[in-house]
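# Breakdown of the fold
Here is how the chains run, residue by residue.
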Amino acid sequence: MFELKDFCAARSLDQADELLHRDKKNVILGGLLWMRMGTRQYNTGIDLAGLGLDRITDTGDHIEIGAMTCLRQVETSALLEDNFGPVLRDSVSHIVGVQFRNMATVGGSVFSRFSFSDVVTALMVLDTRVHLHRGGIIPLSDFMATSPGRDILVKLAIPKHKVDTAYMSHRKSATDFPVLAAALSRSGNTWKIALGARPSRAKLAPEAAALLPATPGPAQIDTTCTTLIRELGFGSNQRGSKAYREHLAKVLVKRGIQAICR
Ligand SMILES: Cc1cc2nc3c(=O)[nH]c(=O)nc-3n(C[C@H](O)[C@H](O)[C@H](O)COP(=O)(O)OP(=O)(O)OC[C@H]3O[C@@H](n4cnc5c(N)ncnc54)[C@H](O)[C@@H]3O)c2cc1C
């Protein structure tokens, strides 16, 4: 278990930012599910719970998800499902259990840039922007290419657009980390495909996605699947080999396309 010498319930983002940069051993606290697995010693833990960041909000042209929104809110949000279909719900519904998802936060999930992340894989196909207190607003795909630094993730913003979506993952057993995760979206004639847990970080496959017409036939789906294997690159770890992941990628992406075209 990690240790804190002190705790501060931040009264504003500026106060949280000032504390974070005052001492390298101060830390932002999310839902603490990941942090509690570690043994690090920190000075002050900075809690964002009182800053109203635990909400999913419709701003008119975007849906915003505050950093302290828990994964269970994402799973059960009618606003997210009405606007973006099942992709976000299905990306979180296999993560451990309901009590866990009631505590794990969107901010902790995205800021940590986990390579196995279901949440990030799904957010990638929705043109998500990350709002950072110091770093400004950047596309999630750019954010994922950076290393965790010292900033505060304030919220995510997803532009409202007509979109069909699907999410597929393969796990060796229920509630385990995914061996591979696939998210797909179709907006008009434009497809987006993201694969996570390759086992490296989630990435979009624009070249493969561009080969798909709005309603692809079997030969076009096969060509897309072959292209994305080359475009993204896969690897091996304790959960699966490169060859197994390449096979799974074809299966999951084909199923995702079929689910959207059904
Ligand atoms: C046993 C276990 C199994 C899991 N399985 C899966 C899985 O199958 N799929 C999946 O996608 N995820 C999985 N996860 C990850 C989980 O869903 C969360 O992403 C993870 O727990 C981090 O969220 P948290 O709220 O607990 O963050 P915390 O543990 O509180 O924080 C994690 C890190 O993020 C930083 N941080 C938190 N919030 C912010 C913020 N707003 N701004 C800046 N930095 C911040 C913290 O300082 C810390 O460094 C698993 C985690 C655990 C512990």
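### Focus: the domain arrangement of the protein
On domain assignment, one finds that the protein holds domain 1 (3–51), domain 2 (56–159) and domain 3 (164–261). Using only C-alpha atoms to locate each centre, domain 1 and domain 2 end up separated by 20 Å. On the domain 2 side, the residues contacting the 18 residues of domain 1 number 13 residues. Together, the buried faces of domain 1 and domain 2 total about 1400 Å²; carbon and sulfur atoms form 69% of this surface. Between domain 1 and domain 2 we count one salt bridge in total. When the shortest N-O distance is used, the salt bridge between arginine 134 and aspartate 17 registers 2.9 Å. Taken together, the connections running from domain 1 to domain 2 amount to seven residue pairs in polar contact (both at pLDDT 80 or more).

### Looking at the side chain of serine 185
Take serine 185: it is sitting in strand β10 (residues 178–187). One polar contact links the side chain of serine 185 to the main-chain carbonyl oxygen of valine 125, over a distance of 2.9 Å. Once residues within four sequence positions are removed from consideration, serine 185 is found in contact with Val125, Val163, Asp164, Thr165, Thr190, Trp191, Lys192 and Ile260.

What counts, and where the lines are drawn
Residues numbered from 1 in each chain as written. Predicted model: local features only at pLDDT ≥ 70, side-chain atom pairs only at ≥ 80, totals over all residues. Heavy atoms only, no water. Domains from an automatic or database assignment. Contact = heavy atoms within 4.5 Å. Buried area = accessible area lost by both parts, 1.4 Å probe. Salt bridge = Lys/Arg side-chain N within 4 Å of Asp/Glu carboxyl O. Polar contact = N/O pair within 3.5 Å; in protein donor to acceptor, adjacent residues only side chain to side chain. Helix = DSSP H or I, 4+ residues; strand = E, 2+ residues; numbered from the N terminus.

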